[in-house]
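What follows is the residue order along each chain.
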Amino acid sequence: MHYWIGNVGHLCVLIAFVSSVVSFFSFFKASNALNPQAEGWRKNGIFSFYIHAIAVLGICVTLFTILANHYFEYHYAYNHSDSKLPTHYLISTFWNGQEGSFLLWMFWQALLGIILIHTNKFWQAPVMTVFALVQAFLSSMILGVVLPVIELKIGSSPFILLREVMADAPIFKMQPEFVPKEGNGLNPLLQNYWMVIHPPTLFLGFATTLIPFAYCIAGLWQKKYREWVRPALPWALFSGAVLGLGILMGGYWAYETLNFGGYWNWDPVENAVYVPWLILVASIHTMITYKNSQTALKISIVLVISVFVLILYSTFLTRSGILGDASVHSFTDLGLSGQLLIYLLVFLLAGIILAAIRWKEIPSSEQEASVYSREFWIFLGVATLCMMGFQVLVPTSIPVWNKIVDIFGGSSNLAPPANQVEFYSKYQIWFAIGVGLLSAVGQYFWWKKIDKKELKKELQTPFLLALLLFALIISIGSVTNPVYMLLVLAGVLTLVGNAKILINLLKSNPTLSGGAVTHIGVGMMLIGILFSAGYSKVVSINNTGLLYSREAGEEFNRDNLLLFLNETRTMADYEVEYLGPRLELRESNGYIDKYGVMLTDDRDYVVLTRDQQADDVKLKKGDTVRVYGENTYYEIQLRKEGKTYTLFPRAQVNPDMGGILSSPDIHRTAVADFYTYTSSIMRPDQEKEWSKVQELRAKVNEEFFANDFVSTVTDIVRVNEVPGIPLQTEDVAVKATIQVKGANQDYTAEPIFLIRNKLVGRVSSEIPELGIEFTLINIHPETNDFTLGYKTRQKDWVVIKVLEKPMINILWIGTLVVMLGFGIAIYRRYREFMLMKSKGQEV
């Protein structure tokens, strides 16, 4: 039992909590400029925050030490990891649980806090007051202490022992020091490289939303209503970029790993992150408006506060257990729902009350925005983004409403939308059209009023080019749906209109091009989303006339293709063939044939029964190799015009998670993706139905037919070893080698005839690729031949579903362009900030 590492971790948690509270109080006192001891309090706040940051780092190091060394006496390590995970997946177990994800959030905010301490001393005390208070709340989430007398538990510790969680388990009553040899492991769906980088990116996005919020609260608190915008804006842009990147990574992970056929499923947890990002983008636009025209300050304050509160609300939704079965992503409740609610309400009420108190003092422009001013169009864009978020937020919050009604003794039977994709998409598409059109037109006002003639002149050329491109796209793509046509038009107008602006800016001042580049990316994304989602089509149409399953329904039988092993079928313009089940190697790249191995007691170790090659690695018969035993990959070969493409969709038999977990593999082309996954497999855990045994007489090197396959006994020898059966001295074991000619290759069966104490035993040998099993029934020395028996079963098969995703590459390229645009805008604002700082205008 490694008690010391857990004790160190607990101590670091306590230090992190206490030091954050001390830092909060110190910075709070230092924020009073009239306090003669303000400088001393400021230094104390900095010192305390550094202690906090070091303690947070200590928690991270101790938790990862527990995970890396497989100390399964700790519940967190036992529940989320195992000893076989490679290092990169072991890292992802760090944030797999609630405690680890809170810790990751704390880590990023501690790092950002240190950066802020050294970046802007003028705002240091009030901003860090907010920062330290948020860190105190987060630290409390992993405290794991019980207050005496009132028996109130605060937080859930990642350093709790397994025996404390499973106190009633008989093993711990008999043996308190018991340590499991193995952990539960990481969810197979999370064993993906995107899960190594997606959560850290997403939580960095969460953490960065605190910075504009902290500047805003500090500005209201210190009555610096205008000044907070300049230092907050670069961070808001950075936050928008990182949070957006985190969301996109999650979408790409879903596309590669899950089998719902897309990248966005409107799951409540997805929605809970999407809404704050929309409001964050809206706040960026209003903050830029204020910097350029001194308008929209009040709406900026409202939006910046809303972003952080919505981040806290999304945390409450996903971690309180309130979503229940409404989301596949939500965490179970660890008893933190009360703390999370307090965390949310404190900052919600603080923001509302402080803004309300200062509202009348906040400067506002009395100038009425003209229809031909950029401010007017920005306001329309912001309103569209906010309504876009509101439409998603309300249905997502139905479980919260039901809970509130239940608390007050009422009863609410409201249910979230049954078909989430259809429900949200039919509204969001109209908002997307609005965003596209506004992004196309709004850029031409360039922060100042423009008259009707000039606007007409500016828009004429891009509008005509956009119409030509629009006509070309809808003709080639056969777009006939009027709503889809409007979305294409909006995307093309955004792309072409902003491209014209970009060309002009590259000639004059490229650093101003961030907005134009970002909007070009948005236009590309709109077009890519429309075609990849709206015109996604099933190409694995069942044209055989076979009914696979009466229970599965008409859609399943129509849209899925049954493939028998080594039998070619036609699908769209491709020939498709199933080549067999494969196992992925752990210690090198590539796959091995599952039929060419013998399983062991440990599913992650197999013994090769024949020579195999995986990529460039040659493996020999008898070698023991490590594999990912929980997964089976199904090799599917596509052939078209002399070219061959190989896919390996994955399936795992997992009764705890609904039977079969399937993950797709994707054949990518320039114009479309072929998204392929297994919708049904011949399950290895189900008993096979065999035919009756048929017997025949055969001699060595004499051909015979077994189930229409030409077969030959090529050899018969006495052996000294029988797999799985220890031989005694008096035993006699004889092995026959039977060669069977398949359609594509020859196969070998090796049945064994065993005599022990005048009793006969037989070890059959199956050729799973052909669905045939041989038994050496008897040996006839007087006639120099043998009696063989064989029985057959249905050949191995797999049912696949293949979706064609047209123009999806435009979507992915668009996301990269959006990130580039954010990067250009961040660089510009950062350079502007540093220039002002060097002149002494930004302390």
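In every chain, residue numbers begin from 1 and rise along the written sequence. Given that this is a predicted model, residues contribute local features only at a pLDDT of at least 70 and side-chain atom pairs are listed and counted only at 80 or more, while totals for whole chains, interfaces and linings are drawn from all residues. Side-chain metrics rest on all non-hydrogen atoms present in the structure, leaving aside hydrogens and water.

Novice: Just to check I follow, could you spell out the sheet that holds strand β27 (residues 772-780) for this structure?
Specialist: Only strands that DSSP links by at least two bridges are regarded as paired with each other. Strands here mean DSSP runs of E at least two residues long; helices mean DSSP runs of H or I at least four residues long; both are numbered from the N terminus. Pairing within the open sheet is antiparallel, and its four strands lie in the order β19-β28-β27-β26. Pairing within the sheet leaves two strands with one partner each, and these edge strands are β19 (694-698) and β26 (765-767). The mean angle between the axes of side-by-side strands here comes to 30°, regardless of whether they run parallel or antiparallel. Both β27 and strand β28 (residues 785-792) contribute to a ladder of eight bridges, which runs antiparallel. Directly across from I772, in β28, lies its bridge partner T792. Only the stretch in contact is used when fitting a helix axis, every axis being a line fitted to C-alpha atoms; angles between N-to-C directions are given from 0 to 180 degrees.

Novice: Looking at this structure, I do not really get the pairing of strand β24 (residues 752-756). What am I missing?
Specialist: Every other side chain in a regular strand lies on the same face of the sheet, so the side chains alternate between the two faces. Judged from the four bridges that link them, strand β22 (residues 732-741) and β24 form a sheet pairing that is antiparallel. Looking across to β24, one finds that A733 is bridged to L754. Bridge analysis of β24 against strand β25 (residues 759-763) gives five bridges, and the strand direction is antiparallel. The residue bridging L754 from the neighbouring strand is G761, located in β25. A loop of two residues connects β24 with β25, the two strands running antiparallel in sequence, and N757 in this loop sits at a positive phi of about 55°.

Novice: Whenever I open this one, the sheet that holds strand β12 (residues 624-626) confuses me. Can you help?
Specialist: The strands making up a sheet associate through backbone hydrogen bonding, with each pair oriented either parallel or antiparallel. The three strands are arranged β8-β9-β12 in an open sheet whose pairing can be described as antiparallel. Taken across any chain shown, the strands that pair with only one partner, and hence form the sheet edges, are β8 (597-599) and β12. Direction aside, the axes of adjacent strands within the sheet are offset by 40° on average.

Novice: Sorry, what's going on with the nonpolar core here?
Specialist: The nonpolar side chains of a soluble globular protein tend to be buried, and buried together. The set of buried Ala, Val, Leu, Ile, Met, Phe, Trp, Tyr and Cys residues whose side-chain atoms join them within 4.5 Å is what this entry labels a nonpolar core. Think of it in three bands: residues with accessible area under 20% of the maximum for their type are buried, residues over 50% are exposed, and the middle band is partly exposed, with areas taken using a 1.4 Å probe on protein chains only. Of all hydrophobic cores here, the largest spans 177 residues; its most connected members are W105, F131, Y215, L220, W228, I305 and Y343. Top contributing element to this core by residue count: helix α11 (residues 229-257), with 15 residues. Grouped together as the second largest cluster of nonpolar side chains are 26 residues, Y548, I681, W797 and I800 included.

Novice: Which parts of the structure should I look at to understand the pattern of salt bridges?
Specialist: When a carboxyl oxygen of Asp or Glu is within 4 Å of a side-chain nitrogen of Lys or Arg, the pair counts as a salt bridge. Under the criterion given, the structure shown has 25 salt bridges. The salt bridge involving E832 is made with K291; its shortest N-O contact spans 3.1 Å. Taken together, the residues E832 in helix α22 (residues 808-838) and K291 in helix α12 (residues 268-293) connect sequence positions 541 residues apart. Here E577 ties to R639 by a salt bridge, and the two come within 3.0 Å at their closest N and O atoms. With E577 in strand β6 (residues 574-584) and R639 in strand β13 (residues 632-640), the pair connects residues that are 62 residues apart, well separated along the chain.

Novice: Looking at this structure, how should I read a nonpolar patch on the surface?
Specialist: The patch calculation keeps residues exceeding 30% relative accessible area without a salt bridge and links them within 9 Å when they carry like charges or within 5 Å when they are nonpolar (Val, Leu, Ile, Met, Phe, Trp, Tyr). Where accessible areas are quoted, they stem from the Shrake-Rupley method and a 1.4 Å probe; at the residue level, only the protein chains shown are allowed to cover. On the surface, a cluster of nonpolar side chains totalling about 470 Å² of accessible area is made up of L11, I15, F47, I51 and I54. Looking at the nonpolar patch, the elements that each hand over two or more residues are α1 (3-30) and α2 (38-68). Classification of I54 as exposed rests on a relative accessible area of 57%.

Novice: For this particular structure, what's the right way to read the packing of aromatic side chains?
Specialist: Ring pairs shown here join Phe, Tyr and Trp side chains whose ring centres sit within 6.5 Å, with only the six-membered ring taken for Trp; geometry is labelled stacked below 30 degrees between planes, edge-to-face above 60, and tilted in between. Going through the model one piece at a time under the given rule, you end up with 42 aromatic pairs. Aromatic pair F172 and F178: ring centres 5.9 Å apart, planes at 65°, arrangement edge-to-face. The rings of Y193, W194, Y252, Y255, Y263, Y675, Y677 and W812 are connected pair by pair, giving a single aromatic cluster. The positively charged end of R319 is found above the aromatic ring belonging to F102, 5.3 Å away from the centroid. A cation over a ring is seen here: K805 above Y675, with NZ or CZ 6.0 Å from the ring centre. We count a charge as sitting over a ring when the NZ of a lysine or the CZ of an arginine lies within 6 Å of the ring centre and within 35 degrees of the ring normal.

Novice: Would you take a moment to explain the pairing of β28 for this structure?
Specialist: Burial runs high along β28: seven of the eight residues are buried. Note that β19 and β28 share five bridges and pair antiparallel. Bridged to L696 within β28 is L788. Counting the residues that bridge the hairpin from β27 to β28 gives four residues, and of these N784 lies at a positive phi of roughly 60°.

Novice: Whenever I open this one, α11 confuses me. Can you help?
Specialist: In an α-helix, one full turn covers 3.6 residues, which means residues spaced three or four apart are oriented alike. Here α11 spans 41 Å end to end across 29 residues, near enough to the 42 Å set by a 1.5 Å rise per residue. The element α11 is extensively covered by neighbouring structure, given that 25 of its 29 residues are classed as buried. A helix is expected to span 1.5 Å multiplied by its residue count minus one.

Novice: Is there a simple way to explain the packing of helix α9 (residues 194-208) against helix α10 (residues 210-221) in this structure?
Specialist: Geometrically, a packed helix pair is captured by the angle between its two axes and the distance between the axes. Between α9 and α10, the shortest axis-to-axis distance is 5 Å and the interhelical angle comes to 5°. With respect to their mutual orientation, α9 and α10 come out roughly parallel. Taking contact as the criterion, the partners of F206, A207 and T208 in α9 are, on α10, L210, I211 and P212. Here the nonpolar group is Ala, Val, Leu, Ile, Met, Phe, Trp, Tyr, Cys and Pro; Asp, Glu, Lys and Arg are the charged ones; every other residue, Gly included, is treated as polar. When the residues that make up the contact of α9 with α10 are grouped by side-chain class, the tally is five nonpolar, one polar and no charged. For classification purposes, an angle smaller than 35 degrees is called roughly parallel, one larger than 145 roughly antiparallel, one from 65 to 115 roughly perpendicular, and anything else oblique. What makes two residues a contact is simply this: any of their non-hydrogen atoms within 4.5 Å.

Novice: Can you help me understand the packing of α10 against helix α14 (residues 337-358) in this one?
Specialist: Contact geometry for α10 and α14: axes closest at 10 Å, N-to-C directions at 40°. Classified by the interaxial angle, the pair formed by α10 and α14 is oblique. Judged by the sense of rotation from one axis to the other, the crossing of α10 with α14 is left-handed. Residues F213, I217, L220 and W221 of α10 form the contact with α14, whose participating residues are F347, G351, L354, A355 and R358. The sense of a crossing depends on the near helix, which, turned anticlockwise from the far helix by less than a right angle, makes the crossing left-handed and, turned clockwise, makes it right-handed.

Novice: Got a minute to help me understand the environment of N271 in this structure?
Specialist: Within the secondary structure, N271 sits in helix α12. Classification of N271 by relative accessible area gives buried; the value is 1%. Each C-alpha atom, one on N271 and one on V392, is 6.7 Å from the other, the two residues being 121 residues apart in sequence. Residues contacting N271, with those up to four places away along its chain left out, are W264, W266, P276, V392, T396 and Y424.

Novice: What is the right way to look at the side chain of R586 in this model?
Specialist: Take R586: it is sitting in the loop between β6 and β7 (591-593). Look at R586 and you get buried, because its relative accessible area is 15%. Within the local environment of R586, its side chain forms a polar contact with the backbone oxygen of K84, the two atoms lying 2.6 Å apart. A distance of 3.5 Å separates a polar atom in the side chain of R586 from a polar atom in the side chain of D604. Polar contacts, as counted here, are pairs of nitrogen or oxygen atoms within 3.5 Å of one another; within protein the pair requires one atom able to donate a hydrogen and one able to accept it, and residues that are adjacent in sequence qualify only if both atoms are side-chain atoms.

Novice: Can you help me understand the side chain of S439 in this one?
Specialist: If you trace the backbone, S439 turns up in helix α17 (residues 420-442). Residue class for S439 comes out buried when judged on its relative accessible area of 9%. Those residues in contact with S439 that sit more than four places away from it in its chain are T494, N498 and H519.

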